[in-house]
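# Topology and contacts: notes
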Amino acid sequence: MLKPASLCKPIEYPKPDGKLTFDRLSSVFISNTNHEENQPAHLTLKDATVPVGINLKTYAGPEARFCPAGVYEFVKVDSDEDRLQINAQNCVHCKTCDIKDPTQNIVWVTPEGGGGPNYPNM
Ligand code: SF4
């Protein structure tokens, strides 16, 4: 269960060394993740106001941290307001967001066409 960000101290993680630890986008590249274009989104929100109104405000936007593929990004729009951008094409199907989202607002469904990560050496 997540605590509100106001009750926690930020953790400074060391930068990836490129030997044993890697940045998120390099890890997504290694996963050979592929989703067909123009398919219905397999990641949706029950309520589009929750990511900014609750998750960012109270929990400092945990979806931008717990997703191992960097699918969720808070970006600034014209008026300097935050907005959640979902880069669903990078999803590696771990389903962390389906479990860890504090208000269970994220809906993960199986993508069409059998897309997703492909680890040929496993
Ligand atoms: S299932 Fe959710 S947490 Fe896991 S990679 Fe996909 S979007 Fe990220």
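Residues numbered from 1 in each chain as written. Predicted model: local features only at pLDDT ≥ 70, side-chain atom pairs only at ≥ 80, totals over all residues. Heavy atoms only, no water.

### Side note on the overall build of the chain
Under the convention used in this document: Segments assigned H or I by DSSP are reported as helices when at least four residues long, segments assigned E as strands when at least two residues long, and all are numbered from the N terminus. A 1.4 Å probe rolled over the protein chains alone gives each residue an accessible area, and that area as a share of the maximum for its type sets the label: buried under 20%, exposed over 50%, partly exposed in between. Throughout, a residue-residue contact means that at least one pair of heavy atoms, one from each residue, lies within 4.5 Å. Accessible surface is estimated by sampling points in the Shrake-Rupley manner with a 1.4 Å probe; for residues, cover comes only from the protein chains shown.
Counting secondary structure elements, the chain contains four helices and four strands. Counted from the first residue to the last, the chain has its helices and strands arranged as α-β-α-α-β-β-α-β. Based on the C-alpha atoms only, the size of the chain along its principal axes is roughly 45 × 35 × 30 Å. Relative to its 122 residues, the chain shows a buried fraction of 27%. For the chain, contacts bridging at least 24 residues in sequence account for 65% of all contacts bridging at least 6. Accessible surface for the chain amounts to roughly 8,700 Å². Of this, 54% is attributable to carbon and sulfur atoms.

### What to know about the site of the ligand
Applicable threshold: Being near a molecule or strand, for a residue, comes down to having at least one heavy atom within 4 Å of it. Cavities and pockets were defined on a 1 Å grid built over protein atoms only: a cavity is a set of grid points that admits a 1.4 Å probe from which the probe cannot escape, a pocket is an open set flanked by protein on both sides within 12 Å along at least five of seven lines, and lining residues are those with an atom within 4 Å of any such point. Each molecule is assigned to a cavity or pocket provided more than half of its atoms lie within 2 Å of the corresponding grid points. Polarity classes work like this: nonpolar for Ala, Val, Leu, Ile, Met, Phe, Trp, Tyr, Cys and Pro, charged for Asp, Glu, Lys and Arg, and polar for all others, with Gly in that last group.
In the region of the ligand, 13 residues are neighbours, and Cys67, Cys91, Cys94, Lys95 and Cys97 sit closest. When atoms are counted within 2 Å of each cavity's grid points, the one that captures over half of the ligand is the largest cavity. Class assignment of the residues belonging to the shell around the ligand gives a composition of ten nonpolar, two polar and one charged.

### Section: the UniProt feature "domain: ETF-QO/FixX C-terminal" (unreviewed entry) in the chain
To keep things clear, this is the line we draw: UniProt positions are given in the numbering used here, feature names are shortened, and annotations may be inferred rather than shown by experiment.
Following the UniProt record, the feature "domain: ETF-QO/FixX C-terminal" (unreviewed entry) maps to residues 18–119 here. Each end of residues 18–119 is marked by a C-alpha atom, and these two atoms are 19 Å apart; helix forms 25% of the span and strand 16%.

### Side note on the nonpolar core
Cut-off, in case you're wondering: Side-chain atoms within 4.5 Å are what join buried Ala, Val, Leu, Ile, Met, Phe, Trp, Tyr and Cys residues into a set we call a nonpolar core.
Core analysis: the biggest nonpolar cluster contains 14 residues, and Leu43, Cys67, Ala69, Val71, Tyr72 and Cys97 have the highest contact counts within it. Among residues more than four places away in sequence, those in contact with Leu43 are Val71, Tyr72, Ile86, Ala88, Cys91, Cys97, Val107 and Trp108.

### Looking at the confidence of the model for the chain
Inclusion rule: Confidence scores per residue from the predictor, reported as pLDDT, run from 0 to 100.
Per-residue confidence for the chain gives a mean pLDDT of 91, with 100% of residues at or over 70. Summarising per-element confidence for the chain, the mean pLDDT is lowest in helix α1 (residues 24–30) (84) and highest in helix α2 (residues 50–59) (97).

### Description of α2
Rules: Directions drawn from the helix axis to the C-beta atoms are what define this arc.
Considered for burial, the residues of α2 that qualify are Val50, Pro51 and Asn55. One side of α2 carries all its buried residues, which in axial view fall inside an arc of 80°. For α2, the elements touching its buried residues are β1 (43–45), α3 (63–66), β2 (72–76) and β3 (82–86). One or two positions beyond α2, positive phi appears at Ala60, with a value near 60°.

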